[in-house]
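# Remarks on the overall topology
This is what each chain is made of:
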Number of protein chains: 2
Amino acid sequence: MSSQPPHPALLIPGPIEFDDQVLQSMSHFSESHVGAPFVKTFGETLTMLRKLFQTQDPASQPFVISGSGTLGWDQVAANLAEPGDDVLVLHTGYFADSFADCFETYGVKATQLKAPIGERPQLDEVEKALKEKKYKLITVTHVDTSTGVLSEIEALSKLVHKVSPDTLVVVDGVCSVGCEEIQFDNWGIDCVITASQKAIGCPAGLSIVMASGRAIKSFQSRKVPPTSYFGSWKNWMPIMQNYEAGKPSYFATPSPQLVHALHTTLTQITSVPLADRFAAHRKASQKVKKAITDLGLKQLASKPENQANGMTAIYLPKGMTPPDVLPKLMQRGVVFAGGLHKQIATQYIRFGHMGVSVTDPNRDDIDRAITALKEGITEAQAAMDMSSR
Amino acid sequence: MSSQPPHPALLIPGPIEFDDQVLQSMSHFSESHVGAPFVKTFGETLTMLRKLFQTQDPASQPFVISGSGTLGWDQVAANLAEPGDDVLVLHTGYFADSFADCFETYGVKATQLKAPIGERPQLDEVEKALKEKKYKLITVTHVDTSTGVLSEIEALSKLVHKVSPDTLVVVDGVCSVGCEEIQFDNWGIDCVITASQKAIGCPAGLSIVMASGRAIKSFQSRKVPPTSYFGSWKNWMPIMQNYEAGKPSYFATPSPQLVHALHTTLTQITSVPLADRFAAHRKASQKVKKAITDLGLKQLASKPENQANGMTAIYLPKGMTPPDVLPKLMQRGVVFAGGLHKQIATQYIRFGHMGVSVTDPNRDDIDRAITALKEGITEAQAAMDMSSR
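So, how was this worked out
- Within any chain, residue numbers begin from 1 and follow the written order of that chain's sequence.
- Chain labels run from A onward and ligand labels from 1 onward, assigned in the order the entries are written.
- Per-residue local features of the predicted model are confined to residues with pLDDT of at least 70, and side-chain atom pairs are confined, for both listing and counting, to 80 or more; whole-chain, interface and lining totals are unaffected and use all residues.
- With hydrogens and water excluded, all non-hydrogen atoms of the structure serve as input to the side-chain values.
- Where each domain starts and ends follows an automatic or database-derived domain assignment.
- Any carboxyl oxygen of Asp or Glu that lies within 4 Å of a side-chain nitrogen of Lys or Arg is treated as forming a salt bridge with it.
- Secondary structure is summarised from DSSP: a helix means a run of H or I of at least four residues, a strand means a run of E of at least two, and numbering begins at the N terminus for each.
- The definition of a polar contact used here is a pair of N or O atoms within 3.5 Å, where within protein one atom must be able to donate a hydrogen and the other to accept one, and adjacent residues in sequence count solely through side-chain atom pairs.
- UniProt positions are given in the numbering used here, feature names are shortened, and annotations may be inferred rather than shown by experiment.
- The pLDDT value tells you how sure the predictor is about a given residue, anywhere from 0 up to 100.
- When the copies are superposed, the least-squares fit draws on C-alpha atoms of residues that have pLDDT of at least 70 in both.
- Here, residues are in contact when the closest pair of their heavy atoms is within 4.5 Å.
- The criterion is simple. A nonpolar core is a set of buried Ala, Val, Leu, Ile, Met, Phe, Trp, Tyr and Cys residues joined through side-chain atoms within 4.5 Å.
- Buried, partly exposed and exposed residues are distinguished by accessible area as a fraction of the type maximum, computed with a 1.4 Å probe on protein chains only: under 20%, between the cut-offs, and over 50%, respectively.

A word on the domain arrangement of chain A. All names here are of chain A. The assigned domain composition of chain A is domain 1 (9-15 + 273-388) and domain 2 (20-271). Each of domain 1 and domain 2 was reduced to a C-alpha centroid, and the two centroids are 27 Å apart. On the surface where domain 1 and domain 2 come into contact, there are 0 salt bridges. Elements with a minimum of two residues in the side of domain 1 that touches domain 2: α10 (274-294), β11 (311-315) and β14 (348-352).

Structure below.
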């Protein structure tokens, strides 16, 4: 039985519901950030991240820094690009616009390749763009939290390596790491940025990054120093390497409690085959998507191959807005999120199905949410019909 | 009785020992970062910070962002200074060098005014420096965690306002907010940056900043946009204002658990007169300092008026190094820190006396630490005498 007090099931696309043990780790008694016990915990955490990202290359470098997923963008813009560089940003929703903003802040020229809402840029369009200009790096949002659109990482990365081999492949995996397969080495990815509070299943407050040996080399051969201080790999890389080698080291104080919670969830995640974890997310996602189709509702992500496995963005029936439905879900103990894509924010809602809500057989969050959605939509429809009579 | 498992008392100058209730708040069940309950918690937290900083001016702006104290430097360098600006950095230890580094990262020219180890720049030297060049802002480390040197904020701020009225007064209060008096409005301070894990008594992971109306105006009249993305007040200010007004808002996901813990400790801190809190820290500090003098040991901070009230940096007897003593303290259930000031790191240790270890009458951390220090030094001295025979 859960040791958490009764509360509505948080089924937004992050933060997600957390496991009891993970939440208990957040209350860990105070430890020195440079004492042997915590150095061990932090070091093991970094090593477990290598497993989660499926990288065996010792040149790969994990980073865990207090912050949020957004800080990962600063790390990419300030360490992997230099002022004046061109970068190509693939757009599948809200988060590409913001990532492009971040690049511009650091004097990096971001060219966006946009797809219509619910779709993703096609490989031939990407190939054309890569042939037109020399890009320092390309970014792709693995799952855009605003649309639930899933990008195709493996084929994209292979294309980039073929067409523009010097271009670094950067994946925004904030809403994908832990629920969508990522084969960091095999797919030739140079950098994945993510955050703790989504499918990794640890409370918010950590920016998590994996960089390839090639990315680190590119960083080390910069012409100008990193353009961020708090996000500088020059400052953080020796610290991460020392922690993983079991040596105390200091640049800025990490959060022992959050790192303990991350250690706990990564221990859980890496104790079962990753393939099983991804399969569980695919299965739950298919159940959700079938229920939505059965309800006569459409997803933002237009085609099955475009659809994320950890969340679903659902168009509401014509005329219905999130405030018509979300409170009815809340009454039924389920929290969904409203729309986030600026152009259509009032037309859709978002349902997150990641982490323990999917993998813990003792939880019925997903079934309860499907029932609540069915009842909530029906009730909202009835209220609309009533008022339009 | 504490609900924490038995563990050595963490008496380094941060992170400190935390109250049970604060640690329990870290395990709060998952909530939406834009849902009404958390918006209320975050808004109240921001409002309580105004109390802690003793600011009644509604134009003052608090910021709470996932990160560490270091991120506060980025916020100052990227929002209050512009590339090419001159800033004056008063140096009382390690942290001024790093703050200056941070300015240089953002293209800001930092001039350091250094004092000998254990001292602080004198007001007449500061006056002379301010008259030589036009500085956009001046920074002072209220308590330098590497030396335990306390700076004089009120007199310094008055001097700056008199001699160079356009220069913003910026205080690094990472090791002072919560244990040293700061009258934000009365003393005419423009910005204080701090972190959660020291005298504020909340686990590490939050960068906490208070900016004056004058600082915000200066920020708003910048010629170029902020030079950080994650640390940009352009991105965060509307979010903080919305949270405090009870309205949901999104730029990057905050950490609900850490904010709950901050809310709990601020509720405790603001429930007693601040004057009592500062007096308790002064009293404990005097007890520690007297014990050190009685032991025949010297402090890095050379004069009583230079000495911090939340920590003490202690020179070891000649020939003794931190590894000779710290394990002996650990055996007695007390964790102190080694030296941090590069030039003399092996010659001294640091003792933090902040927060519940000082204010909770049920804790005997300070007395136990004094006894352990006495025994540990004596034992280490005996071992040295033995080996030199």
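That covers the picture; the talk isn't over yet.
This part covers the side chain of Thr167(B). Residues and elements named next belong to chain B. Among the structural elements, threonine 167 can be located in the loop between α6 (153-163) and β8 (168-172). At 2.8 Å, the side chain of threonine 167 forms a polar contact with the backbone oxygen of tyrosine 135. Here the side chain of threonine 167 touches serine 164 through a polar contact of 2.5 Å, side chain to side chain.

What follows is about the UniProt feature "domain: Aminotransferase class V" (unreviewed entry) in chain A. Residues annotated by UniProt as "domain: Aminotransferase class V" (unreviewed entry) correspond here to residues 28-341 of chain A. Note that residues 28-341 of chain A is 40% helix and 17% strand, and that its end C-alpha atoms are spaced 38 Å apart.

Right, let's get into the confidence of the model for chain A. When pLDDT is averaged along chain A, the result is 97, and 100% of the positions lie at 70 or above. On the interface metric, ipTM, the complex scores 0.98, and its pTM is 0.98.

Another point: the relation of the copies chain A and chain B. The two chain copies are related to each other by a rotation about an axis together with a translation along it. You can overlay chain A on chain B at an RMSD of 0.0 Å; the transform is a turn of 180° with a shift of 0.0 Å along its axis. A rotation of that kind, with that shift, is consistent with a two-fold axis. Closest approach to the rotation axis within chain A is made by the C-alpha atom of Gly67(A), at a distance of 2.3 Å. Of the interface residues in chain A, 100% have counterparts in chain B that sit at the interface too, so the contact is made through matching surfaces.

Judged by nonpolar contacts, the single largest core of 182 residues is most densely connected at Phe63(A), Phe103(A), Phe63(B) and Phe103(B). The contact partners of Phe103(B), leaving out residues within four places of it in the chain, are Val76(B), Ala77(B), Val87(B), Val89(B), Val108(B), Ala110(B), Leu137(B) and Thr139(B).

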